[in-house]
Amino acid sequence: MTTHENDAYDVVISGASIAGSAAAVLLARRGVRVALLERRSDPAAYKVLCTHYLQPCAYPVLDELGLVPALEKAGAVRNEARWYTRWGWIEPKAAPGGPELPYAYNIRRSTLDPLIRSHAARTPGVDLLLGHTVSGLIQEAGRTVGVRVSTAEGEREIRARLVIGADGKDSAVARFAGAPARLHRNQRFSYFAHFRDLPLRDGITQSWFLEPDVAYAMPNDDGVTVVAVIPDKKRLPDFRRDLEGSFLDFVRALPEAPPIDSAERVTKITGTVNYPLHSRKPTAPGIAFIGDAALAGDPLWGVGCGWALQSAQWLAEAVSAAVSGRGDLEQALAAYARRHRRGLHGHQHLAADYAKARPFNPFERLMFSAAARDEAMARHMHLFASRLIGPLRFLNPVALARASAVNLRHRGTAVPAPPVPLSRTDS
Ligand SMILES: Cc1cc2nc3c(=O)[nH]c(=O)nc-3n(C[C@H](O)[C@H](O)[C@H](O)COP(=O)(O)OP(=O)(O)OC[C@H]3O[C@@H](n4cnc5c(N)ncnc54)[C@H](O)[C@@H]3O)c2cc1C
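Residues numbered from 1 in each chain as written. Predicted model: local features only at pLDDT ≥ 70, side-chain atom pairs only at ≥ 80, totals over all residues. Heavy atoms only, no water.

Quick look at helix H7 (residues 243-252)
We apply this condition: Here's how the labels work: a residue is buried when its accessible area is under 20% of the maximum for its type, exposed when over 50%, partly exposed in between, all with a 1.4 Å probe on protein chains only. Each helix corresponds to a stretch of at least 4 residues labelled H or I by DSSP, and each strand to a stretch of at least 2 residues labelled E; elements are numbered beginning at the N terminus.
Counting buried residues in H7 gives 7 out of 10 residues, a clear majority hidden from the surface. Along H7, the residues that are buried comprise Gly245, Ser246, Phe247, Leu248, Asp249, Phe250 and Val251.

Put into structure tokens, the structure is as follows:
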């Protein structure tokens, strides 16, 4: 084991995907010396298991990173969405004469990941070390003070004031630190595939809330549309018997189904059948977790990339002075943990409940039905789905009163039952 002369870093980050690369840039810009370690050697490596929807909550971080022009040049699609519910389509639109609706981007991870990683590599103060796998932690007096790393050339140690776990939901740093995660069962499974030449209504993202099943079609860069189905796990044995047939039939049977039969499928159908939500305390002595390493939500909501970026920003804002030797690191980490909890805990709580694959609860029925019937409620819904407001603001008394008033005006309209689950025999 060797400790190199130049291992004089303030921070060492495990994982150079979205969260790690963003944190590296944002810390280095604040004068922090960063070692950014990535176990994969290929600078163009990317996460395959993702459907690439960056929620509008990500926009301010992408903007601070200076990535917006590069994303637009790479063909990222500004995301607007319409959602099917049993009350009809929710179609958020800007208020007449009002500001445009907040947006971020749909961009495939094969485009995004190399782009953000190379941005980090070009940032003065960041050393991107590919093919570096964190294989242990250095701990002194109950505190983490660095990492052990395996490389093709052998083992090395890198010391730093702070170790950041940005190494995904199965975080190695968390495992070595003995930082347990709280798990929430996910009663849905998901499969998705990429298509070319698949026109979508208004050219925007379509979501179907079929209670309990869910589906999406999302236009991305380079003319590729991602189609995802997220059914109740009860359907998994049937679904798996003929994965391709089940996937295609599920999509064909959607209301206003995208015409997949006339489109070209350009990837295999891939997905995950067991994806519990999890979260852990985002700090430990000498350690901070960001992105999925701190909290992995339900893929159904397309929030993980936005939260990876936001948590990187919250951490950089909280700790950059302290890790440069200008402040108390424990206090800075506590501030980050509070910010993380305030930003994400409420969303995760609701998502964990919805992951039970249940139909909408009374609050959701009230808000979704009103959003399908009223433009202002649709805009309110957009802010919540974009993760620009949390559950408390979404369900504030004024919004609840407005939703009730909207629904009272529709009192004569029969309340539809949840949609009948789609199955192959229905189509
Ligand atoms: C089916 C599915 C669909 C999804 N769709 C969306 C979506 O539409 N929108 C959205 O916002 N989110 C989506 N997500 C979630 C999203 O993919 C994650 O939240 C996001 O990738 C988290 O980013 P991250 O940087 O925290 O971690 P990751 O992207 O998982 O990156 C972790 C990095 O750490 C590296 N690493 C791991 N171990 C080590 C080690 N020991 N040493 C060094 N490096 C290491 C890995 O190689 C990797 O590069 C989806 C997830 C799934 C499963």
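Section: the sheet that holds strand E23 (residues 295-296)
To be explicit about the condition: Being paired, for any two strands, means DSSP has found at least two bridges between them.
The sheet built from 3 strands is open, its strands ordered E13-E20-E23 with antiparallel pairing. Every other strand in the sheet has two partners, leaving strand E13 (182-184) and E23 as the edge strands with one partner each. Across 2 bridges, the pairing between strand E20 (residues 277-279) and E23 is antiparallel. Considered in E23, the bridge of histidine 278 is made with alanine 296.

Some details on the site of the ligand
Selection rule: Near is defined per residue: the residue qualifies when any heavy atom it owns lies within 4 Å of the molecule or strand. Polar contact is the term for a pair of N or O atoms within 3.5 Å; when the atoms are in protein, one must be able to donate a hydrogen and the other to accept it, and sequence-neighboring residues count only if both atoms are side-chain atoms. To measure how exposed things are, a 1.4 Å probe is used in the Shrake-Rupley method; for residues, cover is taken only from the protein chains shown.
The environment of the ligand is made up of 35 residues, and the closest members are Ser17, Glu38, Thr51, Asp292 and Cys305. Between an oxygen atom of the ligand and a main-chain N or O atom of alanine 19, the distance comes to 2.9 Å. Isolated, the ligand exposes 1000 Å² of accessible area, and the fraction of that covered by the protein chains is 95%. Where the shell around the ligand is concerned, the elements lending two or more residues are helix H1 (18-28), strand E3 (34-38), strand E9 (133-140), strand E14 (190-196) and helix H8 (304-323). Counting residues per element, the shell around the ligand draws most heavily on H8, which supplies 4 residues.

Some remarks on H8
Within an α-helix, residues lying three or four positions from one another point in the same direction, as the helix has 3.6 residues per turn. This is how it is decided: We define the bend at any residue as the angle between the axes fitted to the seven residues before and including it, ending there, and the seven starting there.
Remark: the principal bend of H8, roughly 35°, maps to glutamate 317. Across the 20 residues of H8, 16 count as buried, placing the element largely inside the fold.

Some details on the packing of aromatic side chains
When we look at a pair of aromatic rings, we describe it by the centre distance and by the angle of the planes. The criterion, for reference: Each Phe, Tyr or Trp ring, with Trp reduced to its six-membered ring, pairs with another whose centre is within 6.5 Å; inter-plane angles below 30 degrees give stacked pairs, above 60 give edge-to-face pairs, and intermediate values give tilted ones. We call a charge positioned above a ring when the Lys NZ or Arg CZ atom is no farther than 6 Å from the ring centre and deviates by at most 35 degrees from the ring normal.
On inspection of all chains with the given rule, the structure shows 17 aromatic pairs. Between the aromatic rings of tryptophan 89 and tryptophan 208, the centroid separation amounts to 6.1 Å while the plane-to-plane angle is 70°, which identifies the pairing as edge-to-face. Residue tryptophan 89 is located in strand E6 (residues 88-90), and its partner tryptophan 208 is located in strand E15 (residues 205-209); the two are separated by 119 residues in the primary sequence. Using a relative accessible area of 14% as the deciding quantity, one classes tryptophan 89 as buried. Taken together, a centroid distance of 5.4 Å and an interplanar angle of 50° make the contact between tryptophan 301 and tyrosine 354 tilted. Pair noted here: tryptophan 301 is in the loop between E23 and H8 and tyrosine 354 is in helix H9 (residues 329-354), with a separation of 53 residues, a long-range link. You can call tyrosine 354 buried: its relative accessible area is 1%. Sitting over the face of the ring of tryptophan 89, arginine 82 holds its NZ or CZ atom 3.7 Å from the ring centroid. One Lys or Arg, arginine 175, reaches over the ring of phenylalanine 176 and ends 5.1 Å from the middle of that ring.

Some details on the domain arrangement of the protein chain
Just so we agree on the cut-off: All domain edges in this entry derive from an automatic or database-based domain assignment. The term buried area means the drop in 1.4 Å probe accessible area that two parts suffer when joined, counted for both and summed. We define a salt bridge as a side-chain nitrogen of Lys or Arg found within 4 Å of a carboxyl oxygen belonging to Asp or Glu.
The domains assigned to the protein chain are domain 1 (2-52 + 108-183 + 277-348) and domain 2 (78-103 + 187-274 + 360-427). A C-alpha centroid distance of 32 Å is found between domain 1 and domain 2. Taken as a group, Arg108, Leu300 and His347 account for 43% of the area that domain 1 buries against domain 2, more than any other trio of residues on that side. Counting every contact that joins domain 1 to domain 2 gives 2 salt bridges. For arginine 108, the salt bridge goes to aspartate 221, with nearest N and O atoms at 3.0 Å. Taken together, the links from domain 1 to domain 2 amount to 6 residue pairs in polar contact (both at pLDDT 80 or more).

As for the nonpolar core
Basically, it comes down to this: Residues enter a nonpolar core if they are buried and are Ala, Val, Leu, Ile, Met, Phe, Trp, Tyr or Cys, with the set joined through side-chain atoms within 4.5 Å. Residue contacts are counted whenever heavy atoms from the two residues lie within 4.5 Å of one another.
Ranked by internal contacts, the top residues of the largest apolar core, which has 94 residues, are Ile13, Leu27 and Phe209. Among the elements that line this core, the one with the most residues is H8, at 11 residues. Of the domains in this structure, domain 1 (2-52 + 108-183 + 277-348) and domain 2 (78-103 + 187-274 + 360-427) are the two that each give at least three residues to this core. Apart from residues lying up to four places away in sequence, isoleucine 13 is in contact with Gly20, Ala23, Ala24, Leu27, Val34, Ala35, Leu36, Leu37, Ile164 and Ala166. Membership of the second largest hydrophobic core comes to 24 residues, among which are Phe195, Val227, Leu248 and Ile260.

Observations concerning the pairing of strand E11 (residues 154-159)
Here 6 bridges tie strand E10 (residues 143-151) to E11, and the two strands are oriented antiparallel to one another. If you follow valine 149 over to E11, its bridge partner there is arginine 156. Here E10 folds back onto E11, and the loop between the two strands holds 2 residues.

Re the pattern of salt bridges
Going through the model one piece at a time under the given rule, you end up with 29 salt bridges. Here arginine 40 ties to glutamate 38 by a salt bridge, and the two come within 3.2 Å at their closest N and O atoms. Residue classification places arginine 40 among the partly exposed residues on the basis of a relative accessible area of 28%. Relative accessible area serves as the criterion here: at 5%, glutamate 38 is assigned to the buried category. Notably, a salt bridge pairs lysine 234 with aspartate 232, separated by 3.6 Å at the nearest N-O pair.

As for the environment of arginine 86
Note that arginine 86 resides in the loop between strand E5 (81-85) and E6. Here arginine 86 falls in the buried class, since its relative accessible area comes to 13%. Once the C-alpha coordinates of arginine 86 and serine 369 are considered, the two residues, 283 residues apart in sequence, prove to be 8.0 Å apart. Reaching out from arginine 86, the side chain makes a polar contact with the side chain of glutamate 211 at a distance of 2.9 Å.

Topic: the sheet that holds E3
Strand pairing in a sheet is mediated by backbone hydrogen bonds. Such pairs are either parallel or antiparallel. Quick note on the threshold: Each axis is a line fitted through C-alpha atoms, taken for helices only over the stretch in contact, and angles between the N-to-C directions span 0 to 180 degrees.
If you trace the 6 strands from one edge of the open sheet to the other, you get E8-E3-E2-E12-E22-E21, paired in mixed fashion. Taken across any chain shown, the strands that pair with only one partner, and hence form the sheet edges, are strand E8 (126-130) and strand E21 (283-284). Looking at chain direction, strand E12 (residues 162-165) and strand E22 (residues 287-289) are connected through 3 bridges and run parallel. Among the inter-strand pairings, glycine 165 is bridged to a residue of E22, identified as phenylalanine 289. Where helix H4 (residues 109-122) meets the sheet, it contacts E3 and E8, and its direction lies at approximately 130° from that of E8.

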